[in-house]
Amino acid sequence: MTSRQVWLVCNAASGSNDEQSQRDVCSALEEAGFTIARTIRFPDEPAPEAADLDAQGIDLVVTFGGDGTTHAVVTGLFGWSGAVLVLPGGTMNLLAKALHGDVDPSTIASRLAGGQGRRERPSVIGSPHGFGLTGVLAGPGTVWNEVREAMRAANIVEMVATTRQAISWSANGPKVVCAQSDCGREEGYAAITINPREEGLLVRGYYAESLADYAGQGIALLNRNFRDGPHDELGVHQTVRLVCSAGEPMGLLIDGEPFDGKAEEIFELARCEVDLIATLET
């Protein structure tokens, strides 16, 4: 970083984001020696573009939002020569935790003030739908995303209805198969997750064989704490081919955002195409 001026991207709809927390982030950055030249209220205002940043002499963008906001900003800046500092401002904050550990924005700012930050280009997931920075979820289990949205909107009636639908669809919807050799159950899974690691794509298959399992799996998917759900470890791969056994389009979430999946989807290990600032000791 050659300039101490930054653009800050906030999303007030994210899980850990409100006016007070945004003020706290601004104070922490200023105490660390940064000047906030502009604040962007995403998604009401568009994410920053490389040409605009270069024209203003900005080489650091700070995101303070959830994984969806982070995805939009980071992937939108692929190919840019600057860097992105990801601060935890959402519910799960998966990328922020990978870069900094489970710490708050003020701790990250303090680390930067002490010269602890470094540039990294971590592994990501490449797909026909774009890049996934933290993970992909495929299969009928993606319907639980609708339950999460109803919870976020505090719509109890809608939440009850979508929960019933989610349990039913998880049980009866067309399963997804991992088509690699020796890759789990031939009948497929209610949900398959893919997460990027330096050595490859980590794949897990989630199943459920009783109503209690469906509820437990649903809660795990809802919280995006996938390890809490009953699952099979399906290995680490450079390329992953998923197939819907019924030949129907599969449900698909990339970094928690829905996409229209096809009956067959291919995912590959890729590299982030913009520098991210990391403060976690290696």
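Residues numbered from 1 in each chain as written. Predicted model: local features only at pLDDT ≥ 70, side-chain atom pairs only at ≥ 80, totals over all residues. Heavy atoms only, no water.

Caption draft 1: Summary view of the overall build of the chain. Helix and strand counts for the chain stand at eight helices and 17 strands. Scored against the burial criterion, the 282 residues of the chain give a buried share of 50%. Sequence-distant contacts in the chain: of pairs separated by 6 or more residues, those separated by 24 or more amount to 73%. (Helix = DSSP H or I, 4+ residues; strand = E, 2+ residues; numbered from the N terminus. Buried < 20%, exposed > 50% of the residue type's maximum accessible area, 1.4 Å probe, protein only. Contact = heavy atoms within 4.5 Å.)

Caption draft 2: Here's a closer look at the sheet that holds strand β1 (residues 5–10). If you trace the six strands from one edge of the open sheet to the other, you get β2-β1-β3-β4-β17-β5, paired in mixed fashion. Taken across any chain shown, the strands that pair with only one partner, and hence form the sheet edges, are β2 (35–41) and β5 (118–120). Averaged over all adjacent pairs, the angle separating strand axes in this sheet is 30 degrees, with direction ignored. For β1 and strand β3 (residues 60–65), the ladder comprises four bridges, and the chain directions are parallel. Residue Val9 lies in a different strand from β3, and its bridge partner there is Thr63. Each of β3, β4 (83–88) and β17 (275–278) is contacted by helix α5 (residues 105–113), which is oriented at about 145 degrees to β4, the strand it contacts most. (Pairing = 2+ DSSP bridges. Axes fitted to C-alpha atoms, helices over the stretch in contact; angles between N-to-C directions.)

Caption draft 3: Main features of the state of the cysteines. Scanning all chains against the criterion turns up one disulfide. In this model, Cys178 is linked to Cys183 through a disulfide, with the two sulfur atoms separated by 2.4 Å. Where Cys178 bonds to Cys183 through sulfur, the torsion about that S-S bond is close to 70 degrees, and the disulfide is right-handed. With a relative accessible area of 4%, Cys178 lands in the buried category. (Disulfide = S-S within 2.5 Å.)

Caption draft 4: Summary view of helix α1 (residues 19–31). Here α1 spans 18 Å end to end across 13 residues, near enough to the 18 Å set by a 1.5 Å rise per residue. Where the residues of α1 are buried, they touch β1, β2, β3, β4 and α5. Two residues or fewer past α1, Gly33 is found with a positive phi of approximately 100 degrees. (Expected span 1.5 Å × (residues − 1).)

Caption draft 5: Molecular detail of the nonpolar core. The biggest cluster of nonpolar side chains holds 23 residues, and the ones touching the most others in it are Val74, Leu77, Val274 and Leu276. Elements with a minimum of two residues in this core: β1, α3 (67–76), β4, α4 (94–100) and β17. Here the element with the most residues in this core is α4; it accounts for three residues. Setting aside anything within four residues of it in sequence, one finds Val274 in contact with Val74, Leu77, Phe78, Trp80, Gly82, Glu120 and Arg121. Of all hydrophobic cores here, the second largest spans 20 residues; its members include Val6, Cys10, Ala28 and Ile36. (Core = buried A, V, L, I, M, F, W, Y, C linked by side-chain atoms within 4.5 Å.)

Caption draft 6: Quick peek at the sheet that holds strand β16 (residues 264–271). If you trace the five strands from one edge of the open sheet to the other, you get β7-β6-β16-β13-β9, paired in antiparallel fashion. The open sheet has two free edges, formed respectively by β7 (130–132) and β9 (176–178), since each of these has just one partner strand. Each strand axis lies, on average, 30 degrees off the axis of its neighbour in the sheet, ignoring direction. In terms of strand pairing, strand β6 (residues 123–127) meets β7 through three bridges, oriented antiparallel. By the bridge assignment, Gly126 is partnered in β7 with Phe131.

Caption draft 7: Quick look at the pattern of salt bridges. By the definition in use, this model includes nine salt bridges. With its nearest N and O atoms 3.5 Å apart, the salt bridge here joins Arg185 to Asp232. One end of the pair, Arg185, is in the loop between β9 and β10 (191–197); the other, Asp232, is in strand β12 (residues 231–237), with 47 residues separating them in the sequence. The partly exposed category is assigned to Arg185, whose relative accessible area is 24%. When its relative accessible area of 21% is taken as the criterion, Asp232 is described as partly exposed. The salt bridge partner of Glu264 is Arg241, with a shortest N-O separation of 3.5 Å. Of this pair, Glu264 sits in strand β16 while Arg241 sits in strand β13 (residues 239–244), placing them 23 residues apart in sequence. For Glu264, a relative accessible area of 40% corresponds to the partly exposed category. Overall, the relative accessible area of 33% leaves Arg241 in the partly exposed class. (Salt bridge = Lys/Arg side-chain N within 4 Å of Asp/Glu carboxyl O.)

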